[in-house]
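Structure at a glance
As a plain string of letters, each chain reads:
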Amino acid sequence: MNRENVSLEKLKSREDCTALGERAYEFVREIFPICRSITGEGVRQTLDLVGQRIPLTRYEVPSGTQVFDWQVPLEWNIRDAWVKDSSGRRVIDFQKSNLHVVSYSTPVRESLSLAELRARLHSIPEHPDWIPYRTSYYKPNWGFCLRDRDLQALREDRYEVCIDSTLCAGSLTYAECYLPGASAQEVLIFTHVCHPSLANDNASGIAIATELARALGDSQRALSYRFVFSPGTIGAITWLARNEHNVGRIAHGLVLGLLGDPGPLTYKMSARGDATVDRTAAHVLQSLGLPNRIVPFSPYGYDERQFCSPGFNLPVGRLTRSPNEGYPQYHTSADDLTLIAGEHLAESLYACARVLAALDGNGTYRSTSPKCEPQLGKRGLYRPTGGKGPGPFEHALLWVLNQSNGERSLLDIAERSAVPFDVLRSAADALLAAGLLTESVMEASPT
Ligand code: ZN
């Protein structure tokens, strides 16, 4: 496989995605060390690296900008942070892990007793070797996170504390990769870029979205695609506030994240529950033969919360492996490069590629020969020797011919027949070539 130039059409099996899964893993490894937050240089550095792989347009939204009920916050950047004991030893050191500092910590330089210090420390007693990931975006505060084992080892002492951060007027950064298709109707792919050194949440989503954009860039596209790389929550809210006039063109959407762990693929329905993307994802995941779960919408999770808020109610679902808070390592230092694997990323990429191919390839047709079955054998579409039942492709031909009345889409037929969408798509193409189908003039409803 040419690893530099792979269209969606070439990602037809799990094996076709193996090399891209490894490449996605390498990208996760590259962006993993960066200290990201909802604003700041970490986001920009990450987008620089994404932008080396796909064409990106970057947007900077100034601090203080009103976005619905929220405001874009001050920009946060950090250079160093530590806690030293009286001997000068760094007992907590940001240079060893950026998870050690509560994200958005205000600048601090103080001397504290152990009791005063402890009030600022976060650990996970049930997992004494893991550093928790904590944030304080909207309440000025500071703190450190550390292994509980290290916390318990702290002795009575005077501790010197330094957080060399800045919280200043700046901007919130997000970026888009827009890939126009034959139709202006869009598929929105949204992934958050605001977590520091956590591999599954959210480096895996960034890497998968990047690979998908690369593959789509080399594909024929019926629909247009807009990939948004943005901080979570405030970034999604900001994007919606700035694009409110454009959301009507979103025909389908997917929030991507948590795509590298060993958990089963999990699709979370949009709030609508019956959007084409919901039906497509459910059909594709079930037909791929991979472990999967389809879960209903709930108003907690990732940025589907914003896209599916009642004022928008967009057809946007979410694809993860384990869901947020659905694995013990979630939001801890154990969400590292050993939790994820190229094979899981490859499988996630495969699933995403097939869902997008089915969204892109859906269509509604009319049989030109609806009175009795047309004779497929004389058109080279049916095996010459009778007596045996139809093979999978012939089965698909019969379903498409029987159901294509100008109103039912290929997705409708896939759901009714349980024949995988890809096989129906190939059958429809063969029937179109043979003149046995025509495209229905009725526009398929996008949602
Ligand atoms: Zn998270």
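See the structure printed just above.
All of the points below concern the structure found in this document. Values in this document were obtained by computation on a predicted structure and should not be read as measured data.

Quick notes on the pattern of salt bridges
The tally for this structure, following the rule as stated, stands at 28 salt bridges. Arginine 53 is the partner of glutamate 30 in a salt bridge, and the nearest nitrogen-oxygen pair spans 2.8 Å. Separated by 23 residues along the polypeptide, glutamate 30 in helix H1 (residues 18–31) and arginine 53 in the loop between helix H2 (41–51) and strand E1 (57–62) bring together distant segments of the chain. Taking the shortest distance from any N to any O, the salt bridge between glutamate 415 and arginine 279 comes out at 2.6 Å. In this pair, glutamate 415 is assigned in helix H11 (residues 410–417) and arginine 279 in helix H7 (residues 276–287), connecting sequence segments 136 residues apart.

Some details on the environment of cysteine 162
Tracing the backbone through its elements, the reader meets cysteine 162 in strand E9 (residues 158–168). As for cysteine 162 and serine 197, which are separated by 35 residues in sequence, their C-alpha atoms are 21 Å apart. Once residues lying within four places of it in the same chain are set aside, the contact partners of cysteine 162 are Asp80, Ala81, Trp82, Val108, Arg109 and Phe144.

Examining the coordination of the zinc ion
His195 (NE2), Asp201 (OD) and His331 (NE2) make up the full set of protein donors to the zinc ion, lying at 2.0 to 2.1 Å. In the primary sequence, the donor residues of the zinc ion line up as H-x5-D-x129-H. You can see aspartate 201 sitting in helix H5 (residues 199–217) and its partner histidine 331 sitting in the loop between strand E16 (316–320) and helix H9 (342–361), a full 130 residues away along the chain. The class for aspartate 201 is buried, based on a relative accessible area of 0%.

A word on the nonpolar core
Phe144, Phe227, Leu256, Phe307 and Leu356 are the most contacted members of the largest nonpolar core, which totals 139 residues. At 12 residues, H9 tops the list of elements feeding residues into this core. Once you skip the residues sitting within four places of it in the chain, phenylalanine 307 turns out to touch Leu188, Phe190, Ala236, Trp239, Leu240, Val255, Phe312, Asn313, Leu314 and Val316.

Structural notes on the sheet that holds strand E13 (residues 250–256)
If you trace the 8 strands from one edge of the open sheet to the other, you get E1-E10-E12-E11-E13-E16-E14-E15, paired in mixed fashion. Each edge of the sheet is formed by a strand with only one pairing partner; in this case those strands are E1 and strand E15 (292–295). Within the sheet, the average angular offset between the axes of one strand and its neighbour, ignoring direction, is 20 degrees. Together, E1, strand E10 (171–179), strand E11 (186–192), strand E12 (224–230) and E13 form the strand contacts of helix H6 (residues 234–242), whose direction differs from that of E10 by roughly 65 degrees. Docked against the sheet, H9 engages E11, E12, E13, strand E14 (265–268) and E16, running at close to 175 degrees with respect to E13.

With respect to H1
In a regular helix each residue adds 1.5 Å, so 14 residues correspond to 20 Å; H1 covers 20 Å between its end C-alpha atoms and thus fits that length. Those residues of H1 lying buried are Ala19, Leu20, Gly21, Arg23, Ala24, Tyr25, Phe27, Val28 and Ile31. Lining the buried residues of H1 we find H2, H5 and H9.

A look at the sheet that holds strand E17 (residues 364–367)
Taken in spatial order, the 3 strands line up as E18-E17-E19 in an open sheet, and their pairing is antiparallel. Taken across any chain shown, the strands that pair with only one partner, and hence form the sheet edges, are strand E18 (405–409) and strand E19 (437–439). Across this sheet, the average inter-strand angle for adjacent strands is 40 degrees, counted without regard to direction. Where H11 meets the sheet, its contacts fall on E17 and E18, and the angle it forms with E18 comes to roughly 65 degrees.

A look at unusual backbone geometry
Going from aspartate 201 to asparagine 202, the amide bond is cis rather than trans, its omega being 20 degrees. As for its position among the elements, asparagine 202 is in helix H5. Positive phi values are uncommon outside glycine, yet leucine 258 reaches one of about 50 degrees. Inspection of the secondary structure assignment puts leucine 258 in the loop between E13 and E14. Residue leucine 258 is classed as buried on the basis of its relative accessible area of 0%. Phi at histidine 331 is positive, roughly 55 degrees, even though this residue is not glycine.

Calculation criteria
Residues numbered from 1 in each chain as written. Predicted model: local features only at pLDDT ≥ 70, side-chain atom pairs only at ≥ 80, totals over all residues. Heavy atoms only, no water. Salt bridge = Lys/Arg side-chain N within 4 Å of Asp/Glu carboxyl O. Helix = DSSP H or I, 4+ residues; strand = E, 2+ residues; numbered from the N terminus. Contact = heavy atoms within 4.5 Å. Donors = N, O, S within 2.8 Å, 3.2 Å for Na, K, Ca; no water. Buried < 20%, exposed > 50% of the residue type's maximum accessible area, 1.4 Å probe, protein only. Core = buried A, V, L, I, M, F, W, Y, C linked by side-chain atoms within 4.5 Å. Pairing = 2+ DSSP bridges. Axes fitted to C-alpha atoms, helices over the stretch in contact; angles between N-to-C directions. Expected span 1.5 Å × (residues − 1).

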